[in-house]
Amino acid sequence: MSTEASIRAADTRAEGRALSTAATTAGHAPSIHNTQPWRWRLTGNELSLYLVHSRRAEVTDPDSRLAVLSCGAALHHALVSLAADGWHTILERMPDPEHPHHLARLRLDHRIPVTFEARRHRQTIGLRHTDRRPTASTPTDAEQLNAVVEAAASAGAGLHILRPDQVLELASAADQAQRADNADAAWQAEVNYWTGGTRPLGSGIPDAAIGDRATQTTVPGRDFGHHGDLPVSAAHENAATFAILYGPEDDEAGWLRAGEALSAAWLTATELGLSVLPLSATIEVAITRERIRHLLSGLGHPHLVLRLTTGDPAGTAAPHTPRLPAEQVIERF
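Quick look at the structure, then.

About the thresholds
Residues numbered from 1 in each chain as written. Predicted model: local features only at pLDDT ≥ 70, side-chain atom pairs only at ≥ 80, totals over all residues. Heavy atoms only, no water. Helix = DSSP H or I, 4+ residues; strand = E, 2+ residues; numbered from the N terminus. Rg over C-alpha atoms; globule rule 2.2 N^0.38 Å. Contact = heavy atoms within 4.5 Å. Areas by Shrake-Rupley, 256 points an atom, 1.4 Å probe, with all protein chains shown as cover. Buried < 20%, exposed > 50% of the residue type's maximum accessible area, 1.4 Å probe, protein only. Arc of directions from axis to C-beta. Salt bridge = Lys/Arg side-chain N within 4 Å of Asp/Glu carboxyl O. Phe/Tyr/Trp six-rings, centres within 6.5 Å; stacked < 30°, edge-to-face > 60°. Lys NZ or Arg CZ within 6 Å of the ring centre and 35° of its normal.

1. Some details on the overall build of the chain
1) Next: Helix and strand content of the chain: nine helices and nine strands.
2) Next: The C-alpha radius of gyration computed for the chain amounts to 20 Å, which stays within 12% of the reference 20 Å derived for 333 residues, consistent with globular compactness.
3) Next: Dimensions along the principal axes, computed over C-alpha positions, put the chain at roughly 70 × 40 × 40 Å.
4) Next: When contacts within the chain are restricted to residue pairs at least 6 apart in sequence, long-range pairs at least 24 apart make up 74% of them.
5) Next: On the chain, roughly 14700 Å² of surface is accessible, and the fraction owed to carbon and sulfur atoms is 53%.

2. Some words on helix α6 (residues 185-195)
1) Next: Every buried residue of α6 is accounted for by Trp-187, Glu-190, Val-191, Trp-194 and Thr-195. An end-on view of α6 places all buried positions within 120° of arc, on one side of the element.
2) Next: As for α6, its buried residues are in contact with α5 (164-182) and α8 (281-284).

3. Quick notes on the pattern of salt bridges
Any two side chains of opposite charge can pair if their charged atoms end up close together.
1) Next: Here the structure, examined in full by the defined rule, presents 16 salt bridges.
2) Next: A salt bridge links Glu-46 to Arg-105; its shortest N-O distance comes to 3.9 Å. Pair noted here: Glu-46 is in strand β2 (residues 46-51) and Arg-105 is in strand β4 (residues 102-111), with a separation of 59 residues, a long-range link.
3) Next: With relative accessibility at 24%, the residue Arg-105 sits in the partly exposed group.
4) Next: Arg-222 is the salt-bridge partner of Glu-284, the closest N and O atoms lying 2.5 Å from each other. Of the two residues, Glu-284 is situated in helix α8 and Arg-222 in the loop between α6 and β6 (241-247); the sequence distance between them amounts to 62 residues.
5) Next: Linked by salt bridges that have partners in common, Arg-39, Arg-41 and Glu-331 make up one network.

4. Observations regarding the packing of aromatic side chains
1) Next: Counted by the stated rule, this structure contains one aromatic pair.
2) Next: Plain terms: the ring middles of Tyr-193 and Trp-194 are 5.1 Å apart, the flat faces sit at 85° to each other, and that makes the pair edge-to-face.
3) Next: With relative accessibility at 33%, the residue Tyr-193 sits in the partly exposed group.
4) Next: Judged by relative accessible area, Trp-194 falls into the buried class, the value being 4%.
5) Next: The ring of Tyr-50 has Arg-39 sitting right over it, with the charged end atom 5.0 Å from the ring centre.
6) Next: Sitting over the face of the ring of Trp-87, Arg-111 holds its NZ or CZ atom 4.3 Å from the ring centroid.

Below you can see the structure in the form of structure tokens.
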């Protein structure tokens, strides 16, 4: 084999390793009910992202808006991994109009210097997790919030911080959404599936990540229909900040961008010592989603509500949710 051919073969192997690592890293992304509704296809120096309809919450998310948003978070995780490996990536969103489930195509272009920020972000991916416990914490300061807002904006979406009076409206909408869901037998069955023993191994929400009692919060969190094993303080959450993740488009492209922004904001928040809890109930129900849209006063379409708090003062982390094996979410050709 010639020297040139040997170099090219080595480059090809390096590209394959970087793409494989990116797809594996993307598996740590947050998703609705931890359904992980994505599949990656690795071919040569390209990596394609697909929505897997069989792993979406059909009742909770009938139009797949939250599933696509979840895939967007996985996409951003993959881009973070590639940057940390020193690759400039060409990204094409929604590359095939005839196949809307094909959400993105990534192609390695050329090598770039690795920045400290890129390495830190990839390390943070392994630390980021969802903590549903309320904390009687100190308020987040303006500088921290601005950094999180800027991170979301850098990925193509806005983050609107709610005023105290708007938080009360959010609480009312969340209560309305939860009551609507609780009255729906199909919704209850779906939640039981993703939080019970019948869910696919490596997915769903285990009891270890669900509170052992009802939480004392201004804005109600998800009612899973049963208590879990996660110890929850009896203290009332009194210093949380609530924000609406929004964008100009209410379609697959907009939802994908919102997921990318969610990842960017969450990684930044984690690095600043903040805890993030996504609250999707008001987005799942059409009538309450409209109420949330009015809180934006014309800024755009709401994609998700976030609760931001300072870290647990006791320093005890909630357990991470499980993940599907890589061979179930990565296809290699």
